[in-house]
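Given next are the chains, with one letter for each unit.
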Amino acid sequence: MRLPRLIFLLFNADRAVRRWIDARSSDTGIGASGAGVLFYLAGHENALIGDVTAALGASPSGMSGLVNRLERGGYVTRSPDPADARAVRLALTPRGHQAVARARDLVDDLNVQLTAGFDDAEIAVIQRWLEHVTRVSINRESGADR
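Residues numbered from 1 in each chain as written. Predicted model: local features only at pLDDT ≥ 70, side-chain atom pairs only at ≥ 80, totals over all residues. Heavy atoms only, no water.

Asks: In this structure, what is going on with the overall build of the protein? I would like to understand it.
Replies: For the protein, the helix and strand inventory stands at 6 helices and 3 strands. When the helices and strands of the protein are listed from N to C terminus, the series reads α-α-β-α-α-β-β-α-α. Projected onto its principal axes, the C-alpha coordinates of the protein cover approximately 55 × 40 × 25 Å. A separation threshold of at least 6 residues defines the contact pool for the protein, and within that pool the share at least 24 residues apart is 51%. Accessible area for the protein stands at about 9900 Å²; split by element, carbon and sulfur atoms hold 57% of it. The distance from the centre of the 18 positive side-chain charges to the centre of the 17 negative ones in the protein is 7 Å. (Helix = DSSP H or I, 4+ residues; strand = E, 2+ residues; numbered from the N terminus. Contact = heavy atoms within 4.5 Å. Areas by Shrake-Rupley, 256 points an atom, 1.4 Å probe, with all protein chains shown as cover. Lys, Arg positive; Asp, Glu negative; His and termini not counted. Charge placed at Lys NZ, Arg CZ, Asp CG, Glu CD.)

Asks: Can you walk me through a nonpolar patch on the surface in this structure?
Replies: Residues Leu6, Phe8, Leu9, Phe118, Ile126, Trp129 and Leu130 make up a contiguous nonpolar surface patch of roughly 610 Å² in combined accessible area. Those elements that place two or more of their residues in the nonpolar patch are α1 (6-24) and α6 (120-142). As for its placement among the helices and strands, Phe118 is situated in the loop between α5 (94-115) and α6. (Patch = residues over 30% accessible without salt bridge, like charges linked within 9 Å, V, L, I, M, F, W, Y side chains within 5 Å. Salt bridge = Lys/Arg side-chain N within 4 Å of Asp/Glu carboxyl O.)

Asks: Whenever I open this one, the UniProt feature "domain: HTH marR-type" (unreviewed entry) in the protein confuses me. Can you help?
Replies: Following the UniProt record, the feature "domain: HTH marR-type" (unreviewed entry) maps to residues 3-135 here. For residues 3-135, the helix share is 68%, the strand share is 13%, and the end-to-end C-alpha distance is 21 Å. (UniProt positions renumbered as here; feature names shortened; annotations may be inferred.)

Now the structure itself:
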């Protein structure tokens, strides 16, 4: 039996979702990755940049460039961590909070489109599978599967 092309389909779906978000947020310059940072900060105000990086599975260099763009755009501010001068904290600006609200509307719209034609049980299986993929990836990276 030939296995399904899940990896190919997953990568194509990821690209399609990112393009969809990027196209609808092009006037802000935030994009899909930037929206991820803003969503994280909306739930973790004044977060350490390292925590944001880890939560999004980003590289430190990639996160640095992304935060630079978000800061230049007026969406986030950086401040030194009072407990550790080497650490940097990120916070949303008022413009960042507005961008989160807009991004939530975009993502809600996309979720409606992505789930159209699927019942709750099917969506639950898709969600469980995607969470499984994430756990498998995290376990492999951390060496927990060895």
